[in-house]
Amino acid sequence: MLTIHAAALLLPGGGRAPVPGGAVAVRDAAVAAFGPYAELAAAHPAARVRHWPGVLTPGLVQRDAVRLLEEWYFPDPREADTLGTEPLTGAALDTLGPEDTWRAGSVRRGLHRMLRHGTTAVTAAPTAPPALLTAVRRSGLTVLGPSAPTGGGPRLDPLSGAGALADATAAPLTVGGRADLAAFDAPDEAALLAAGAASCVATIAAGRLAYRGR
């Protein structure tokens, strides 16, 4: 089935101009077309349509994924009363005891938190733990080659410190390319960079709705 993802503003990347009232048509795991929603809807009248608020962008890339999953503990919601809801690091992490008692669950929840921030790809060195990379791929995220470190501690928000959206996206939209998208509750690129990726309302990884916030 073909699905059209539409938003008030499409930011396709690749140096292309923003498209007010833009949309992306997705067939299976690939981008079938993108442009003005009216044109795509007319060309595909039987398509399922998902309307998202704000801006629709290519999926984001998380360059700190391995460090986040290895150095942070993402609490289970059932632990909120004792551990809170925010990730634990440093000394707080040391109190959890042997890592094999918490690692798998934390990795799974950490990957979900990445999806909640519009992430559809991560970078990792060939030396990254194979089990960790397997978990990443199972979550639907793409594993790219290593990238330069972001500097400082790992950051969950791929837009943190980015001067432009292009700095945080894995690739611009291309017809026939993997359908990785993210929708954010922000009116334009400047507002999105100011709000950060926590404003994500939906993440589509390889055509699959991997996260929906509303």
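Now for a look at the structure at hand. Residue numbers restart at each chain and count upward from 1, following the sequence in its written direction. Local features in this predicted model are restricted to residues of pLDDT 70 or higher, and side-chain atom pairs are both shown and tallied only at a pLDDT of 80 or more, whereas totals for entire chains, interfaces and linings draw on every residue. The side-chain figures draw on all heavy atoms in the structure; neither hydrogens nor water molecules are used.

**Notes on the overall build of the protein chain**
We apply this condition: A helix here means a DSSP run of H or I that spans at least four residues, while a strand means a run of E at least two residues long, and both kinds are numbered starting from the N terminus. Any residue under 20% of the maximum accessible area for its type is buried, any over 50% is exposed, and the rest in between are partly exposed; the area is computed with a 1.4 Å probe on protein chains only. Only heavy atoms enter the contact rule, under which two residues are in contact if any of them lie within 4.5 Å. Only four residue types enter the charge count, namely Lys and Arg as positive and Asp and Glu as negative; His and the chain termini do not. Charge placement uses NZ in Lys and CZ in Arg. For Asp and Glu, CG and CD serve respectively.
Secondary structure summary: the protein chain contains 7 helices and 11 strands in total. With respect to the principal axes defined by its C-alpha atoms, the protein chain has extents near 60 × 35 × 35 Å. Across the 214 residues of the protein chain, 46% fall into the buried class. When contacts within the protein chain are restricted to residue pairs at least 6 apart in sequence, long-range pairs at least 24 apart make up 66% of them. In the protein chain, 19 positive and 18 negative side-chain charges are present, and the distance between their average locations comes to 7 Å.

**Structural notes on the sheet that holds strand 8 (residues 142-144)**
Note the following rule: Pairing between two strands is assigned when DSSP locates at least 2 bridges connecting them. Angles here are taken between N-to-C directions and fall from 0 to 180 degrees, while the axes themselves are lines fitted to C-alpha atoms, restricted in helices to the stretch in contact.
Strands sit in the order 6-7-8 across an open sheet of 3 strands; the sheet is parallel. Pairing within the sheet leaves two strands with one partner each, and these edge strands are strand 6 (60-62) and strand 8. The average undirected angle you get between the axes of adjacent strands in this sheet is 35°. Where strand 6 meets strand 7 (residues 119-123), 3 bridges bridge the pair, whose relative direction is parallel. Its bridge partner being in strand 7, L60 is matched across the sheet by T119.

**Observations concerning helix 6 (residues 130-138)**
To keep it simple, the criterion reads: Starting at the helix axis, one direction is taken to each C-beta atom, and the arc is that of these directions.
Every buried residue of helix 6 is accounted for by L132, L133 and V136. The arc that holds the buried residues of helix 6, viewed along the axis, is 95°, so those residues lie on one side. Of the exposed residues in helix 6, the ones pointing more than 90 degrees away from its buried face are P130, A131 and R138. As for helix 6, its buried residues are in contact with helix 2 (65-71), helix 5 (103-115), strand 7 and strand 8. Within two residues after helix 6, G140 carries a phi angle of roughly 100°, on the positive side.

**Side note on the pairing of strand 4 (residues 30-36)**
In this structure, strand 3 (residues 22-27) lies alongside strand 4, joined through 6 bridges in antiparallel fashion. Residue pairing in the sheet places A23 in a bridge with G35 of strand 4. The hairpin turn running from strand 3 into strand 4, its antiparallel successor, is 2 residues long, and D28 in that turn takes a positive phi close to 55°.

**Focus: the side chain of D64**
Which entries qualify depends on this criterion: Salt bridges are counted wherever a side-chain nitrogen of Lys or Arg sits within 4 Å of a carboxyl oxygen of Asp or Glu. In protein, a polar contact means a hydrogen-donor-capable atom and an acceptor-capable atom, both N or O and within 3.5 Å, with residues adjacent in sequence counting only if both atoms are side-chain atoms; elsewhere, any N or O pair within 3.5 Å suffices.
Relative to the assigned elements, D64 resides in the loop between strand 6 and helix 2. Nearest to the buried, unbridged D64 among oppositely charged side chains is R155, at 4.5 Å. Separated by 3.0 Å, the side chain of D64 and the backbone nitrogen of R155 make a polar contact.

**Observations regarding the nonpolar core**
The test is simple: Think of a nonpolar core as a cluster: buried Ala, Val, Leu, Ile, Met, Phe, Trp, Tyr and Cys residues, connected wherever their side-chain atoms sit within 4.5 Å.
By size, the foremost hydrophobic cluster in this structure holds 35 residues, and its most contacted members are L60, L69, L111, M114, L159, F184 and L192. Of all elements in the fold, only helix 2, helix 5, helix 6, strand 9 (181-184), strand 10 (200-205) and strand 11 (208-212) reach the threshold of two or more residues within this core. What L111 contacts, discounting residues up to four positions off in sequence, is L69, A135, V136, S139 and L141. Listed in part, the 15 residues of the second largest apolar core include A7, V19, W52 and A183.

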